[in-house]
Amino acid sequence: MAMTEKEKMLAGLLYDANYNEALMEERLKCKDLCYEFNQLRPSEIEAQKTLIRKIFGKTKKSFYVLSPFWCDYGYNIEIGENFFMNHNCVILDCAKVCFGDNVFIAPDCGFYTAGHPLDAEQRNRGLEYARPISIGDNVWIGGGVQVMPGVTIGDNTVIAGGSVVTKDIPSYVLAGGNPCRVIRPLVQKFCADDLEQIMGIWVQTNIRAHSFISEDYWKSNVEAVRRMMPEAEIYVCKEHQRVTAFIGLIDDYIAGIFVEEGKQSKGLGKILLNHVKQIKERLTLHVYKKNERAVSFYIREGFQITDSQIDKNTGEAELLMVWEKI
């Protein structure tokens, strides 16, 4: 039995988008509802929500869609909890367009599942194809962003304003540009699955940064530090789900910032430090005096040397450094 044009559309095959009467009727029905939605006064919030529930295939309890808004079919759009879409957004939902929880979308954005053949003859016959779009949880889409067919954007990611997203963007990154690319990782909380990666970075970073201390000292402390890790407040940066850097805190004390070999001088330490500066009023730490690179880094980042002492475990001089929020 031959597939209908709608079945072809939903299956990602070439289909007749422009001249098929059944699809044309569905689009007109949806656009009439969009038109009705766009004529409501801004104060008619409940009426707006009622219409969006009619238009969208799936909604949850809390959402706001600001007019004007346009889409093609509506039933292919699914939104999560606490969804917000600002003015003048367009969704061409010939395939599924799914948004997770806590997604914020700025004005003038577009989400386009529809694509056209490169062959002019096929285009002129009204043929199109559609690829689904998926947006994860806790995503912020900046103003004027355009998301192309088949794109997936991971959880906890921010897309900078004006970006054109042509390829998948992973979780926990800031991305931007045309075409959109990852600019830098975003800090996330430590989870138990990260422990072995973190311990590998911890021992290698300490050995590399402290050539004036025996390697055996750091290796002999691995198990003690491993036991302490779950009790600390730890934040990490990841690349392709692999930890590349982390910072450990005990209250307002920085136990250390550790960056994977090959990832130094890429700003990861500063990213982690800036994150904890946003959530702490005061930070303290000890750093070995001979670790001149680390001392210079913390001074550049606003820390002041307030005291010095001898570390009884290594016999090395260490500095107490303090940062306070102004």
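Scroll up for the structure.
Throughout this document, residue positions are counted from 1 along each chain, in the order its sequence is written. Residue-level local features of this predicted model are given only where pLDDT is at least 70; pairs of side-chain atoms are given and counted only at 80 or more, and the full residue set underlies all totals for whole chains, interfaces and linings. Where side-chain values are given, they derive from all heavy atoms of the structure, hydrogens and water being excluded.

J.: When you look at the sheet that holds strand β12 (residues 133–135) in this model, what are you seeing that I'm missing?
T.: Whether two strands pair comes down to DSSP finding at least two bridges between them. In this text, helices come from DSSP runs of H or I with a minimum length of four residues, and strands from runs of E with a minimum of two, each type numbered from the N-terminal end. The sheet built from four strands is open, its strands ordered β4-β7-β12-β15 with parallel pairing. Each edge of the open sheet carries a strand with a single partner, namely β4 (77–78) and β15 (152–153). Of the pairings in the sheet, the one linking strand β7 (residues 97–99) to β12 comprises three bridges and is parallel in character. Its bridge partner being in β12, Phe-99 is matched across the sheet by Ile-135.

J.: I keep staring at the pattern of salt bridges and nothing clicks. Help me out?
T.: One side-chain nitrogen of Lys or Arg within 4 Å of one carboxyl oxygen of Asp or Glu is enough to make a salt bridge. A full pass over the atoms with the stated rule returns 18 salt bridges. When the shortest N-O distance is used, the salt bridge between Lys-6 and Glu-26 registers 3.0 Å. One end of the pair, Lys-6, is in helix α1 (residues 5–10); the other, Glu-26, is in helix α2 (residues 21–39), and 20 residues separate them in sequence. Exposure remark for Lys-6: the relative accessible area of 29% places this residue in the partly exposed category. Only protein chains enter the area calculation, which uses a 1.4 Å probe; residues under 20% of their type maximum are buried, those over 50% are exposed, and those in between are partly exposed. On the basis of relative accessible area, Glu-26 is assigned to the partly exposed category, the value being 26%.

J.: How should I be thinking about the environment of Gly-161 in this particular structure?
T.: Tracing the sequence through the fold places Gly-161 in the loop between β16 (158–159) and β17 (164–165). Distance from Gly-161 to Cys-109, taken between C-alpha atoms, is 9.2 Å for residues 52 residues apart in sequence.

J.: Honestly, the packing of α2 against helix α3 (residues 45–55) in this entry has me stumped. Any pointers?
T.: For any two helices packed against each other, the geometry comes down to the angle between their axes and how far apart the axes lie. Every axis in this analysis is a line fitted to C-alpha atoms, fitted for helices over the stretch in contact. Angles between the N-to-C directions lie between 0 and 180 degrees. Running from N to C, α2 and α3 cross one another at 165°; their axes reach a closest spacing of 10 Å. Put simply, α2 runs roughly antiparallel to α3. In the packing of α2 onto α3, the handedness of the crossing is left-handed. On the side of α2, the interface is formed by Cys-30, Leu-33, Cys-34, Glu-36 and Phe-37, while α3 contributes Gln-48, Leu-51, Ile-52 and Ile-55. Side-chain classes follow a simple rule in which Ala, Val, Leu, Ile, Met, Phe, Trp, Tyr, Cys and Pro form the nonpolar group, Asp, Glu, Lys and Arg form the charged group, and the remainder, Gly included, forms the polar group. Classifying every residue of the contact of α2 with α3 by side-chain character gives seven nonpolar, one polar and one charged. These descriptions rest on fixed angle ranges, namely under 35 degrees for roughly parallel, over 145 for roughly antiparallel, 65 to 115 for roughly perpendicular, and the rest for oblique. Handedness of a helix crossing follows the sense of rotation of the near helix relative to the far helix, less than a right angle counterclockwise being left-handed and clockwise being right-handed. In what follows, a contact means two residues having at least one pair of non-hydrogen atoms within 4.5 Å.

J.: I tried to follow the environment of Val-145 on my own but got confused; where do I start?
T.: On the secondary structure map, Val-145 appears in the loop between β13 (140–141) and β14 (146–147). On a C-alpha basis, the gap between Val-145 and Lys-219 in space is 49 Å, while along the polypeptide they are 74 residues apart. The contacts of Val-145, once residues within four sequence positions are left out, are Asp-108, Cys-109, Gly-110, Ile-159, Ala-160, Gly-161, Gly-162, Ser-163 and Val-165.

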